[in-house]
Amino acid sequence: QVQLVESGGGLVQPGGSLRLSCAASGRIFSINVMGWYRQAPGKQRELVAKITSGGSTNYADSVKGRFPIFRDNAKNTVYLQMNSLKPEDTAVYYCYANLYGSAWGRAGDYWGQGTQVTVSS
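Reading the values: rules and limits
Residues numbered from 1 in each chain as written. Predicted model: local features only at pLDDT ≥ 70, side-chain atom pairs only at ≥ 80, totals over all residues. Heavy atoms only, no water. Helix = DSSP H or I, 4+ residues; strand = E, 2+ residues; numbered from the N terminus. Buried < 20%, exposed > 50% of the residue type's maximum accessible area, 1.4 Å probe, protein only. Phe/Tyr/Trp six-rings, centres within 6.5 Å; stacked < 30°, edge-to-face > 60°. Lys NZ or Arg CZ within 6 Å of the ring centre and 35° of its normal.

(A) Examining the environment of Lys-43 more closely. Inspection of the secondary structure assignment puts Lys-43 in the loop between β4 (30–39) and β5 (46–52). Note on Lys-43: relative accessible area 59%, which makes it exposed. Each C-alpha atom, one on Lys-43 and one on Ser-84, is 22 Å from the other, the two residues being 41 residues apart in sequence.

(B) Seen up close, the packing of aromatic side chains. Considering all chains together, one arrives at three aromatic pairs under this definition. Between the aromatic rings of Tyr-37 and Trp-111, the centroid separation amounts to 5.1 Å while the plane-to-plane angle is 65 degrees, which identifies the pairing as edge-to-face. Residue Tyr-37 is found in strand β4, and its partner Trp-111 is found in strand β10 (residues 108–111); the two are separated by 74 residues along the sequence. Aromatic side chains Tyr-96 and Trp-111 sit 5.1 Å apart centroid to centroid with 50 degrees between the ring planes, which places their arrangement in the tilted category. Of this pair, Tyr-96 sits in strand β9 (residues 91–100) while Trp-111 sits in strand β10, and the two are 15 residues apart along the sequence. Its relative accessible area of 12% is what places Tyr-96 among the buried residues. By relative accessible area, Trp-111 is classed as partly exposed at 37%. Pairwise contacts between aromatic rings join Tyr-37, Tyr-96 and Trp-111 into one cluster. The ring centre of Tyr-79 lies 5.8 Å from the NZ or CZ of Arg-19, which sits over that ring. In this structure, Arg-45 is placed above the aromatic ring of Tyr-94, and the distance from its NZ or CZ to the ring centre is 3.7 Å.

Rendered as structure tokens:
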């Protein structure tokens, strides 16, 4: 079993900052990609940012320059530093990982339970 446990969500004023963390645990051989998606009410889930084991990153245009993503491979943990937050960033943020549970077989996709981020004055 693999678990992704998120933390760091909450309520923040526009222009403020939050840091999300997500730690993967369980039967993990190696992790290819870790990242964050978000889903606002009435909208589809969308990619926010992702990072490979080698450190390559990919960002949604709406968060480029504001939400740097970091990864600690030794701790199987990914972080999303959210700066200059806007009301339109309000959503449930989900951690994502594509990983191998063993040295053989195919990689699988795993999701966290989601953490609410609300940007409001």
